Structures are given as structure tokens and as C-alpha cells.
Amino acid sequence: MKFRPLHDRVLVRRVNAEEKTAGGIIIPDTAKEKPQEGEVIAVGAGTLNEQGALRPLDVKAGDRILFGKWSGTEVKLGGEELLIMKESDIMGILEAPSVAKAA
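Residues numbered from 1 in each chain as written. Predicted model: local features only at pLDDT ≥ 70, side-chain atom pairs only at ≥ 80, totals over all residues. Heavy atoms only, no water.

Trainee: Describe a nonpolar patch on the surface, listing the residues and the values that go with them.
Mentor: On the surface, a nonpolar cluster with roughly 280 Å² of combined accessible area is contributed by Leu-66, Met-91 and Leu-94. Along the chain, the position of Leu-66 falls in strand β5 (residues 64-67). (Patch = residues over 30% accessible without salt bridge, like charges linked within 9 Å, V, L, I, M, F, W, Y side chains within 5 Å. Areas by Shrake-Rupley, 256 points an atom, 1.4 Å probe, with all protein chains shown as cover. Salt bridge = Lys/Arg side-chain N within 4 Å of Asp/Glu carboxyl O. Helix = DSSP H or I, 4+ residues; strand = E, 2+ residues; numbered from the N terminus.)

Trainee: Just give me the short version of the nonpolar core, but keep the residues and values in it.
Mentor: Generally speaking, soluble globular proteins have nonpolar side chains that are buried together. The biggest cluster of nonpolar side chains holds 10 residues, and these are Val-10, Val-12, Val-40, Leu-57, Val-59, Ile-65, Phe-67, Leu-83, Met-85 and Ile-90. Among the elements of the structure, β1 (9-14), β5 and β7 (80-86) are those that each provide at least two residues to this core. (Core = buried A, V, L, I, M, F, W, Y, C linked by side-chain atoms within 4.5 Å. Buried < 20%, exposed > 50% of the residue type's maximum accessible area, 1.4 Å probe, protein only.)

Trainee: Give me unusual backbone geometry: which residues, what numbers.
Mentor: Even without being glycine, His-7 reaches a positive phi, approximately 55°. Along the chain, His-7 falls in the segment before β1.

Trainee: Pulling in residues and values, what's your account of the pattern of salt bridges?
Mentor: Enumeration according to the criterion identifies 7 salt bridges in this entry. Here Asp-8 makes a salt bridge to Lys-86, at a shortest N to O gap of 3.6 Å. Taken together, the residues span a long stretch of sequence, with Asp-8 in the segment before β1 and Lys-86 in strand β7 at a distance of 78 residues. With its nearest N and O atoms 3.1 Å apart, the salt bridge here joins Glu-87 to Arg-55. Remark: Arg-55 occurs in strand β4 (residues 54-55) and Glu-87 occurs in the loop between β7 and β8 (90-94); sequence separation between them is 32 residues. Assessed through its relative accessible area of 13%, Glu-87 is described here as buried. Among the charged side chains, a network of salt bridges with common partners joins Arg-13, Glu-39 and Glu-80.

Trainee: Describe the sheet that holds β7, listing the residues and the values that go with them.
Mentor: Within a sheet, each strand pairs with its neighbour through backbone hydrogen bonds, oriented either parallel or antiparallel. What the 6 strands build is an open sheet, ordered β6-β7-β1-β2-β5-β8; its pairing is antiparallel. Two strands bound the open sheet, and with one partner strand each, they are β6 (73-77) and β8. Neighbour to neighbour, the strand axes of the sheet diverge by 45° on average, direction disregarded. Pairing analysis gives 4 bridges linking β1 to β7, with the strands arranged antiparallel. By the bridge assignment, Leu-11 is partnered in β7 with Ile-84. (Pairing = 2+ DSSP bridges. Axes fitted to C-alpha atoms, helices over the stretch in contact; angles between N-to-C directions.)

As C-alpha cells, this is what we get:
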């Protein structure tokens, strides 16, 4: 199934939470919190500014993001649980550290 969010909405897949602590303790499913990190699957076209021009979103498909604990609406598409949220619910984009080049 293909889904395209409208306006400033974003479709997000949660990243799997860690199953072990740093000390090696296994966390049971009942004690796990839902992760606040996800991957952007699809984005809307953007919003209109005061001049009527389309302002594209800052995030794009494939970006890894952080969002609030209660952000978004959970939906089930194609048997997969996803989130639909507004761009304003996204706190930031996680960027992979750049690899230092050897001189």
C-alpha cells in the first residue's frame, strides 16, 4: 500500500528499542518504553507561507529523527505500526558522525 501524507505531516517508523541495558540486564516487554526515535518514511508537500508560496519541509524520507513521547497518531498500514505527525512535533534530525579522513 502506498501512502502520501498531506501538507506538513510526516509518516514515521519507530526504531526498535534496546532489549538490554548497558550492564547486560534484559528488559522485559512490559517494562519497555516506546522509543522516541524513528525513520521518516514519507513527507507531505509542505505548507503555504504568508505570500502563498509553498514552503517544503525540513525533513525528507530516510532521515532519522527524534520526537516527543506523546507525538503523532499511531496507524497500522500494511500490517506495520507507523506514526503520522506534524513536522512541528519533530525535535530534530539525527546525523551520523562524519568519518575523519586520515591525513
